[in-house]
Every structure is written in C-alpha cells, then in structure tokens.
Amino acid sequence: MLIEKYDLEIFTPPCDPGAERYSARARLIVDIAEILPYLNATLRGAIYHPSASALTWKKAGHNVAFHAYEILVSNVEDRKGAEQELKALIELVNRLWERRAEINPDTTTRQRPTSMAVYKLLPQTNCKQCGEQTCYTFALKLVAAQKKFTDCLLLGEPRYAHQRTTLENMIIDAPGMG
C-alpha cells in the first residue's frame with residue numbers, strides 16, 4: 001500500500017464563495033510522484049506534467065489533480081460526496097501501486113482539443129436534440145467532460161459520418177473527453 005495515512009481537508013473554493021460546490025484535499029505523508037506515469041497509462045483522458053510532478057484528470061464532471069504530496073478533487077456537490085470521491089481516488093492509487101508490475105508506465109503529455117476544434121466537427125444546426133441551446137455550448141460541455149459525443153444525435157446520421165469518425169478519434173486520443 002502506497003498511501004496509508006493522509007490529512008483530509010474539505011472546503012469551498014475561496015475563489016467561488018457561495019457556489020455550493022466542494023473540494024477535498026488529501027495531504028500525503030508519502031511522495032506519490034512515482035505512480036503518476038502509471039495513472040497516466042490507465043486513466044483515460046489524464047494529462048501528465050512530468051516537470052511539475054502532477055497529473056490532472058476529469059472524472060464525471062469533477063476536476064482531479066494528483067501531485068507528489070497531495071490529491072485534490074473539486075466541483076463536488078456536497079461535503080460527503082467530496083470525502084467519498086477523495087477516498088476512492090486514494091484507493092485507486094493504492095490499487096495501481098499494487099498492480100504496477102502489470103502496467104507499462106506512460107510519460108506522454110497530451111493536450112485537450114479546443115472547444116472551437118470540436119465545434120467545427122459538429123453539425124452546427126443548433127437543433128437542441130442534445131439538450132443544449134447551441135452546438136457551441138455542446139462543444140464547450142464536451143470539452144469539459146460534461147457531455148459525451150454520442151449525446152449529439154445528428155452525428156449518428158450517415159451524412160455526418162466523416163465528422164463523427166474524426167470526432168471519435170479526437171476524443172479517444174484526448175485527455176478528459178469521451
């Protein structure tokens with residue numbers, strides 16, 4: 001087990017008072033920098049920053065950051081959810097640590113596509129079938145991992161097959177999307 005003890009802090013971000021969203025931080029006693037390439041290899045959409053010993057990831061609309069001596073999660077609805085999410089992340093790190101011999105570490109740094117690059121591949125009809133008012137709003141939420149490209153029903157039509165394929169490839173290769 002890599003992480004056995006940590007100090008837990010749950011708070012509302014000072015830059016967004018009254019937002020009624022929570023963040024949680026685990027301050028670690030042990031340096032977890034060694035596990036970051038393994039997380040990068042297994043967490044779809046992670047962005048690894050080797051020079052900063054940091055890895056960021058979007059999980060179900062939550063922002064997650066792994067640093068050498070801390071793990072943070074933000075944009076969680078309530079205090080209990082923030083605590084549970086952080087405990088799950090610590091369990092994930094410990095599971096990967098135990099399995100690291102089975103995993104090829106990945107030190108690649110990837111970039112997320114811009115919302116404009118995604119928008120250019122959408123039908124741009126503003127049909128609202130995805131639940132958003134505009135295709136650009138859909139693109140913003142797709143990049144923020146709040147929507148899936150399959151939420152755009154028009155992309156399933158044959159006339160948009162090329163855009164769909166290009167978007168699928170972009171999302172598969174992109175951190176934090178899909």
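Residues numbered from 1 in each chain as written. Predicted model: local features only at pLDDT ≥ 70, side-chain atom pairs only at ≥ 80, totals over all residues. Heavy atoms only, no water.

Caption draft 1: Layout of the nonpolar core. Ranked by size, the top nonpolar core spans 30 residues in total, and within it Ile 35, Leu 39, Phe 66 and Ile 71 carry the most contacts. Those elements giving two or more residues to this core turn out to be strand S2 (22-28), helix H1 (36-42), strand S4 (54-59), strand S5 (62-67), strand S6 (70-76) and helix H2 (79-99). Residue contributions to this core peak at 8 residues, all from H2. The contact partners of Leu 39, leaving out residues within four places of it in the chain, are Leu 55, Phe 66, Leu 92, Val 93 and Leu 96. (Core = buried A, V, L, I, M, F, W, Y, C linked by side-chain atoms within 4.5 Å. Buried < 20%, exposed > 50% of the residue type's maximum accessible area, 1.4 Å probe, protein only. Helix = DSSP H or I, 4+ residues; strand = E, 2+ residues; numbered from the N terminus. Contact = heavy atoms within 4.5 Å.)

Caption draft 2: Region of the structure containing the sheet that holds S6. A sheet is described by the order of its strands in space; here 6 strands give the open sequence S1-S2-S6-S5-S4-S3, paired in antiparallel fashion. In this open sheet, the two strands that pair with only one neighbour each are strand S1 (6-11) and strand S3 (47-49). Looking at each pair of strands side by side, their axes are set apart by 15 degrees on average, direction ignored. As paired strands, S1 and S2 are joined by 6 bridges and run antiparallel to one another. (Pairing = 2+ DSSP bridges. Axes fitted to C-alpha atoms, helices over the stretch in contact; angles between N-to-C directions.)

Caption draft 3: Region of the structure containing the environment of Ser 51. With respect to the secondary-structure elements, Ser 51 resides in the loop between S3 and S4. Residues Ser 51 and Ile 171 lie 120 residues apart in sequence; the distance between their C-alpha atoms is 25 Å.

Caption draft 4: A look at the pairing of S4. Alignment of S3 against S4, held across 3 bridges, turns out to be antiparallel. Residue pairing across strands places Tyr 48 opposite Leu 55, the latter belonging to S4. Between S3 and S4, which pair antiparallel in sequence order, lie 4 residues; one of them, Ser 53, sits at a positive phi of approximately 45 degrees. Sheet analysis places S4 next to S5, joined by 6 bridges and oriented antiparallel. When the bridges of S5 are listed, Lys 59 appears paired with His 62. Connecting S4 to the antiparallel partner S5 that follows it, the hairpin turn spans 2 residues, and Ala 60 within it adopts a positive phi of roughly 50 degrees.

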